[in-house]
Amino acid sequence: GKRRDCQQCGFYCEEYLLPAQVGEEELISLIRTLNGREEIDGILVEQPLPRGLDPHRVLWSVDPGKDVDCIHPHNMGLLSMGTPSLSPCTPAGVMRLLEEYGVDPAGKKCVIVGRSTVVGRPLAMLMLRADATVTLCHTRTPDLKAECLGADILVAAAGRPGLITGGMVKE
């Protein structure tokens, strides 16, 4: 899907489909090669990684300037300080969607269901930067329904289809 989306937008895209038994050093070597190529502006490592690979070691080998998910500690640190060098792609898309529909997060209660480093946490930081009051929930949040019903802006990002139902969303 990402390759198709890149083609629709006219982005240059390369896809590397590696075997599940890929070695950590082999994967990091590929990432380092891509880091060094000037025509590559962004690198996205699909997760979850195969068993036996250290996700931190692999993901942190991506050049922070090419880290489109902004999960490198450098980028996450800048994001948490309110001065990101890059915007994390999916959370930035959520913010853009709100902008397109004329929804200003300032002063609103935003509930994000999902705490991943790819969507939930960075989105919480972007919402805070937009002056929203943010509650970060997850699948083990007690009385998730009550949390969701209190939201002016509700974002489902837990990766579990059907977790949020119509009865959990206020009018």
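Structural data are supplied above this passage.
Residues numbered from 1 in each chain as written. Predicted model: local features only at pLDDT ≥ 70, side-chain atom pairs only at ≥ 80, totals over all residues. Heavy atoms only, no water.

**Student:** What am I meant to see in empty space enclosed by the protein here?
**Tutor:** Unfilled space is identified by rolling a water-sized probe across the atoms. In total, this model carries 1 cavity of 30 Å³ or more according to the counting rule given. In this structure, the largest cavity spans a volume of roughly 50 Å³. Around the largest cavity, the lining residues are Ile43, Leu44, Val45, Leu59, Val62, Asp67, Asp69 and Ile71. Its residues placed into classes, the lining of the largest cavity shows 6 nonpolar, no polar and 2 charged. (1 Å grid on protein atoms, 1.4 Å probe; cavity = no way out; pocket = protein on both sides within 12 Å on 5 of 7 lines; lining within 4 Å. Points joined across faces, edges and corners; volume = space filled by probe spheres on them. Nonpolar A, V, L, I, M, F, W, Y, C, P; charged D, E, K, R; others polar.)

**Student:** Please clarify how the nonpolar core should be interpreted in this entry.
**Tutor:** Nonpolar side chains in soluble globular proteins tend to be buried together. Ranked by size, the top nonpolar core spans 15 residues in total, and within it Met95, Cys110, Ile112, Leu123, Met127, Ile153 and Val155 carry the most contacts. The set of elements that each furnish at least two residues to this core consists of helix H4 (73-80), helix H5 (89-100), strand S1 (109-113), helix H6 (120-129) and strand S3 (153-156). The element contributing the most residues to this core is H6, with 5 residues. Those residues in contact with Ile112 that sit more than four places away from it in its chain are Gly120, Leu123, Ala124, Met127, Val134, Thr135, Leu136, Cys137 and Val155. Counting residues in each nonpolar core, the second largest holds 14 residues, with Ile28, Ile40, Val45 and Leu49 among its members. (Core = buried A, V, L, I, M, F, W, Y, C linked by side-chain atoms within 4.5 Å. Buried < 20%, exposed > 50% of the residue type's maximum accessible area, 1.4 Å probe, protein only. Helix = DSSP H or I, 4+ residues; strand = E, 2+ residues; numbered from the N terminus. Contact = heavy atoms within 4.5 Å.)

Spatial relationships are all this shows, so hold off on functional conclusions.
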